[in-house]
Amino acid sequence: MTKPMYKRIMLKLSGESLSGEKGYGIDFDVVNRISSEIKELVDMGIEVGAVVGGGNIWRGRNGGEMDRTTADYMGMLATCINAMALQDSLESMGVVTRVQTAIEMREIAEPFIRRKAMRHLEKGRVVIFASGTGNPYFSTDTAAALRAAEIEADVILLAKKIDGVYDSDPNINKNAKKYDKLTFQEVLEKDLKVMDSTATSLCKDNNIPIIVFALDEVGNIKKALCGEKIGTIVGN
Ligand code: GTP
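The shown structure was predicted, so the numbers you read here are calculated from the model rather than taken from an experiment.

What counts, and at which threshold
Residues numbered from 1 in each chain as written. Predicted model: local features only at pLDDT ≥ 70, side-chain atom pairs only at ≥ 80, totals over all residues. Heavy atoms only, no water. Near = heavy atom within 4 Å. Polar contact = N/O pair within 3.5 Å; in protein donor to acceptor, adjacent residues only side chain to side chain. Areas by Shrake-Rupley, 256 points an atom, 1.4 Å probe, with all protein chains shown as cover. Helix = DSSP H or I, 4+ residues; strand = E, 2+ residues; numbered from the N terminus. pLDDT = per-residue confidence, 0-100. Salt bridge = Lys/Arg side-chain N within 4 Å of Asp/Glu carboxyl O. Buried < 20%, exposed > 50% of the residue type's maximum accessible area, 1.4 Å probe, protein only.

## Examining the site of the ligand
At step 1: Around the ligand, the neighbouring residues are Arg 98, Arg 106, Glu 107, Ile 108, Ala 109, Glu 110, Pro 111, Lys 116, His 120, Lys 123 and Arg 125.
At step 2: Lys 123 is positioned with one of its side-chain polar atoms (N or O) 2.4 Å from an oxygen atom of the ligand.
At step 3: Burial of the ligand by the surrounding chains reaches 54%, relative to a free accessible area of 620 Å².
At step 4: For the shell around the ligand, the secondary-structure elements that each account for two or more residues are β4 (110-111) and α3 (114-122).

## Focus: the confidence of the model for the protein
At step 1: The predicted model of the protein averages 95 in pLDDT, with 100% of residues at 70 or higher.
At step 2: The ipTM value of the predicted complex is 0.91, and its pTM value is 0.95.

## Quick look at the pattern of salt bridges
At step 1: Across all of its chains, the model carries 14 salt bridges by this definition.
At step 2: Across the pair Arg 59 and Glu 16 runs a salt bridge whose closest N-O atoms are separated by 2.6 Å. On the criterion of sequence distance, the pair formed by Arg 59 in the loop between β2 (47-52) and α2 (68-92) and Glu 16 in the loop between β1 (8-13) and α1 (28-43) is long-range, its members being 43 residues apart.
At step 3: Here Arg 59 falls in the exposed class, since its relative accessible area comes to 57%.
At step 4: Linking Glu 122 and Arg 119 is a salt bridge whose minimum nitrogen-to-oxygen distance equals 3.1 Å. In this pair, Glu 122 and Arg 119 are both assigned in helix α3, three residues apart and thus about one turn of the helix distant.
At step 5: We classify Glu 122 as partly exposed; its relative accessible area is 46%.

So this is what it looks like as structure tokens:
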């Protein structure tokens, strides 16, 4: 078996990635497939942290009319629903998990405590970080970057619907070119929208590489971690 290149990873799953073809809510066939891929990583001895988005349940500000902070808090609650779905799916496969939430809701999950998260990871438990950063105006990409820095992850795996970063939208431009490698500076200068600029800057400043890849190709997570050329790598 190929040896993984990374010991501790942060997996960022968008909310949409959990809804599959439906485009809304949670498709448990999809969640179970993602879980079985995560299980493979855990079985290889990789320590896995995960941040999930909430866009499959709640997206944005209802046409811009809502108060931004209220809309963002609703999004954070949506990430908790997704985190619990992922936890349930992983545990049904025998993977030990802990959900930690940035907003305290003690009856539902343990609060985010960095040192506890580190301990869980060392013990081989998958730690799912819910409620984003716990603050409005920050995306779940930024939560992934922040938690990755805090838990000293070696890499962020950014699972997307498309298989990497392109110079223009491949759904619109048939000649769009995919990048194999990019620097954070290039992402910021070219405004490539890999992550939002807050998340990108956080990764740049803390020197955490990102691998952007498509989640719907089975086995991609493992391939990316074993150094196969999957998607786009962004680093300093
Ligand atoms: P160790 O310290 O390594 O034994 O970790 P542990 O997570 O097994 O210990 P702990 O006693 O902290 O947790 C036992 C169970 O309770 C785990 O499933 C935790 O996720 C859960 N748990 C811990 N703290 C909280 C909390 O504040 N709220 C909720 N809902 N669950 C919690």
